[in-house]
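Here's the letter readout for the chains.
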Amino acid sequence: RRVTVAISRCVVSPASSGVRTLASGPPPKVVQVDTDLGTKRARLLYQSKKRGILENDILLGEFAESHLQLMDASTLEEYDKMINGDHMEWDLYYYLSGKKPAPPEVVDTNAFALLKKFVDAKRTGEAK
């Protein structure tokens, strides 16, 4: 079960009698909160298969199909931050293919170690 929370800014006009209007500025930030691991795994599986570039669709999608069910809550959180965080799609692909060194906050996670091992095995033909 997933709960979506929208955070917005409301302003009470001093001249009005308690009427609230939305303040100008950026749109409200949507925060996804997964209430159980099954929902989180399902969301991550979908997001792994629907990336911005085909190369990541294939790599992350196949990895997610075979590994998400085996991950604990901590590793799932690391994986979520890695694929949905601040890293651009091509950078993520380059980290996995070894064409660009990954930053420490990515390299030092269990999720990246599992994913990198999976990608390396695919490259050498060891993965199914």
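Description of the structure in this document. Positions within a chain are numbered from 1, following the residues in the order the chain's sequence is written. Whole-chain, interface and lining totals are the exception, using all residues; otherwise, since this is a predicted model, local features are given only for residues with pLDDT of at least 70 and side-chain atom pairs are given and counted only at 80 or more. To obtain the side-chain values, all non-hydrogen atoms of the structure were used and water was disregarded.

### A word on the overall build of the protein chain
Stated precisely, the cut-off is as follows: Labels follow the DSSP assignment, with helices taken as runs of H or I lasting at least four residues and strands as runs of E lasting at least two, numbered in each case from the N terminus. A simple rule labels every residue: compare its accessible area, found with a 1.4 Å probe on the protein chains alone, to the largest value its type can have, and call it buried under 20%, exposed over 50%, or partly exposed in between. Here a residue-residue contact requires only that any non-hydrogen atoms of the pair lie within 4.5 Å. All accessible areas in this document rest on Shrake-Rupley with a 1.4 Å probe, and a residue is counted as covered only by the protein chains that are shown.
Looking only at helices and strands, the protein chain features six helices and four strands. In the protein chain, the succession of helices and strands from N to C terminus is β-β-β-β-α-α-α-α-α-α. Taken over 128 residues, the protein chain has a buried fraction of 35%. Partitioning the intrachain contacts of the protein chain with sequence separation of at least 6 by distance along the chain shows that 54% fall at a separation of at least 24. Here the protein chain has roughly 8,400 Å² of accessible surface; of this, 56% comes from carbon and sulfur atoms.

### Some remarks on the packing of helix 3 (residues 73–84) against helix 6 (residues 110–124)
Keep this limit in mind: The axes are straight lines fitted to the C-alpha atoms, using for helices just the contacting stretch, and the angles between their N-to-C directions are given from 0 to 180°. To sort the angles, those under 35 degrees are grouped as roughly parallel, those over 145 as roughly antiparallel, those from 65 to 115 as roughly perpendicular, and the leftovers as oblique. Throughout, the ten residues Ala, Val, Leu, Ile, Met, Phe, Trp, Tyr, Cys and Pro are labelled nonpolar, Asp, Glu, Lys and Arg are labelled charged, and all others, Gly among them, are labelled polar.
Running from N to C, helix 3 and helix 6 point in directions that differ by 75 degrees, and their axes come no closer than 7 Å. One way to sum up the angle between helix 3 and helix 6 is to call them roughly perpendicular. Counted together, Thr75, Glu78, Tyr79 and Met82 of helix 3 and Asn110, Ala111, Phe112, Leu114 and Leu115 of helix 6 form the full contact between these two elements. The residue inventory of the contact of helix 3 with helix 6, partitioned by class, reads six nonpolar, two polar and one charged.

### Points about the pattern of salt bridges
Stated formally: Any carboxyl oxygen of Asp or Glu within 4 Å of a side-chain nitrogen of Lys or Arg constitutes a salt bridge here.
Taken as a whole and assessed by the stated rule, the structure comprises eight salt bridges. It is possible to trace a salt-bridge network through shared partners that takes in Lys116, Asp120 and Arg123.

### Description of the nonpolar core
For the record, the criterion: The definition of a nonpolar core used throughout is a set of buried Ala, Val, Leu, Ile, Met, Phe, Trp, Tyr and Cys residues joined through side-chain atoms within 4.5 Å.
If you look at the biggest cluster of nonpolar residues, it comprises 23 residues, and the most contacted ones within it are Leu60, Leu68, Tyr79, Met82, Phe112 and Leu115. Examining the composition of this core, we find that five residues originate from one element, helix 6, more than from any other. If sequence neighbours within four positions are ignored, Leu60 has contacts with Ser48, Arg51, Tyr79, Ile83, Leu92, Leu96 and Leu115.

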